[in-house]
Amino acid sequence: MAEQVLPNHFKTPAKRIGWKSPANIALIKYWGKQPVQQPMNPSLSFVLNNSTVSMFVDFEDNSSNKPMLEVFSVNGQPNEPFRQRFSSYLQSIVPIMPFLRNISLRIESHSSFPHSAGIASSAAAFSALALCLCSMEEAILVKKMMPEDFLRKASNLSRLGSGSACRSLYPGMVMWGESSKIPDSSNDYALPLDNQRVHPSYLTLKDAILIASDQQKAVSSSQGHELMNNHPYRESRKAQAAANLGKLMIALAGGNHKTFFEVVEEEALTLHGLMMSSSPGYVLMKPNTLRILDEIRTFRNQSGLHLGFTMDAGPNVHLLYFESDRQTVKSFIESRIQPLCQEGRWIDDAMGTGPSILTQKP
Ligand code: DP6
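Caption draft 1: Inspection of the nonpolar core at higher detail. Of all hydrophobic cores here, the largest spans 78 residues; its most connected members are Leu44, Leu100 and Met173. In terms of residue count, the dominant contributor to this core is helix H2 (residues 121-141) (13 residues). In this structure, Met285, Leu307, Phe309 and Leu340 belong to the second largest nonpolar core, which totals 23 residues.

Put into C-alpha cells, the structure is as follows:
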C-alpha cells in the first residue's frame, strides 16, 4: 500500500494533545458481543464526574522507524498489560487512521481513581485515546470536523478498543446499540438521549461507589462477554435487554423513579445471574456485596426515598440516588455501609458532563 504523505508542517518536533474522559456506569448492561466488537444488545449509561482518565499524547513523524507506541505510562509508571492492549489496538485501527503508519507516539495516562476500585478504567482510557487520535488526525490533515462528526468518530473508534468506552463521549443519558425505539441508534457508536427523552431529575443522579472488595477480578469483562456466545439464556437475555430498555426509556421520560430503579436493579442482578449460569460459572459478588444490597433495600423501605443500586461485573456496588437526598444518604452510608466496605472506602461520584480537552500538562 502506498505510504501516506504527511503535510510538511508535520515534519517538526513532537506535538502534544490531551483529553480528559470519564468512566461511565451502565443502567442497561452491555453483556455479550457479536463481530466486530458490536454489542449483543443495546445498552444505556451515564458518565461519571470524578472517575476520569487524563491522557496526553506526544506525536511526531517517524522517520527513524521507532515503534508506533514508543512510550506508555499509567500514573507515571510503565504498565506492560495496558501498553500491549493499546499497541495492538493502534495497529488494528491503522486502516481507519492511515496516518498512524508514519508516526510514533508517547502516551501518558493519568487515572483519577484507583485501579482496585473496580471502575472500568478501560472505558475512560479508550475514550480519551480515541479523542486524542481524532484531534491528531485534525492536526495532521489540517482539517476540522464538525463537533458532532468528531464525537461520533471518537465514539466509533473507542468502541473498537473497549465496547463500553463508546458511551463515555457524551453527557447525560447515552445509549449504544441498535434499537427500534431510537432512530439513528447504531451498533457502531453511541448516541446521547436528547432532553425531551430525559426528565430533568435524572440529571441530578449521584453515584456512591461502595468498595466491597478491591481484590483483582476473577474474570475480565472480555472473557465474560465471550461466555455469552454459548450461553443457554443468550436469546432470552437479548429479549429482556430490549424490553428493559423500552421500560427504562418510558420511566426516564416521565420521571417514574419506582420503575427506573426496578429496571436498573433487575439489570444488575441479571448480569450477575448470567455470570453464575455461564459455563464455567463465576460468582463475582463477595459476602459484603450481598450485605450492602440488603442494607440498601432495607433503607429504601424504611426511608421511602427513591434510590437503588447497580453493579458492574465485579463485587462493588453503585448506590444511585438524587442530589436532593444527599445529606440523608451520606449519613446512611457512613453509619450502615462504610463498615461493610474494604477499609471503609467509597467514592462520592455523580453524573458528569463528558470529556474535555486538556491544554496543560497535569
Ligand atoms: C459489565 O466494555 O469492559 O460494564 O468491550 O470487552 O472492553 P470490552 O468490555 P467492557 O464491558 C463492560 C461490561 C459492563 C456493562 C456495561 O458497561 O454496559
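So, next bit.
Caption draft 2: Local environment of unusual backbone geometry. Residue Val36 follows Pro35 across a cis peptide bond; omega there is -10°. Turning to its location among the elements, Val36 is positioned in the loop between strand S2 (33-34) and strand S3 (38-39). Between Ser279 and Pro280 the backbone carries a cis peptide bond, its omega angle lying at 0°. Residue placement: Pro280 occurs in the loop between helix H6 (257-276) and helix H7 (287-303). Located in the positive-phi region is Gln37, a residue other than glycine, with phi close to 55°. Summarising the element assignment, Gln37 is placed in the loop between S2 and S3. Since its relative accessible area comes to 16%, Gln37 is described here as buried. The residue Glu343 is not glycine, and still its phi comes out positive at about 50°.

Caption draft 3: Broad picture of the sheet that holds strand S11 (residues 307-311). If you trace the four strands from one edge of the open sheet to the other, you get S11-S12-S10-S13, paired in antiparallel fashion. Two strands close off the open sheet at either side, each with one partner strand: S11 and strand S13 (346-350). Geometrically, the sheet is characterised by an average inter-axis angle of 25° between neighbouring strands, direction not taken into account. Relative to S13, strand S10 (residues 205-210) runs antiparallel, the two sharing five bridges. Its bridge partner being in S13, Lys206 is matched across the sheet by Ala350. With respect to the sheet, H6 is in contact with S10, S11 and strand S12 (317-322), its orientation differing from that of S11 by roughly 25°. Contacts from H7 reach S10, S11 and S12 within the one sheet, and its direction differs from that of S11 by about 160°.

Definitions and cut-offs
- Residues numbered from 1 in each chain as written.
- Predicted model: local features only at pLDDT ≥ 70, side-chain atom pairs only at ≥ 80, totals over all residues.
- Heavy atoms only, no water.
- Core = buried A, V, L, I, M, F, W, Y, C linked by side-chain atoms within 4.5 Å.
- Buried < 20%, exposed > 50% of the residue type's maximum accessible area, 1.4 Å probe, protein only.
- Helix = DSSP H or I, 4+ residues; strand = E, 2+ residues; numbered from the N terminus.
- Pairing = 2+ DSSP bridges.
- Axes fitted to C-alpha atoms, helices over the stretch in contact; angles between N-to-C directions.
- Contact = heavy atoms within 4.5 Å.

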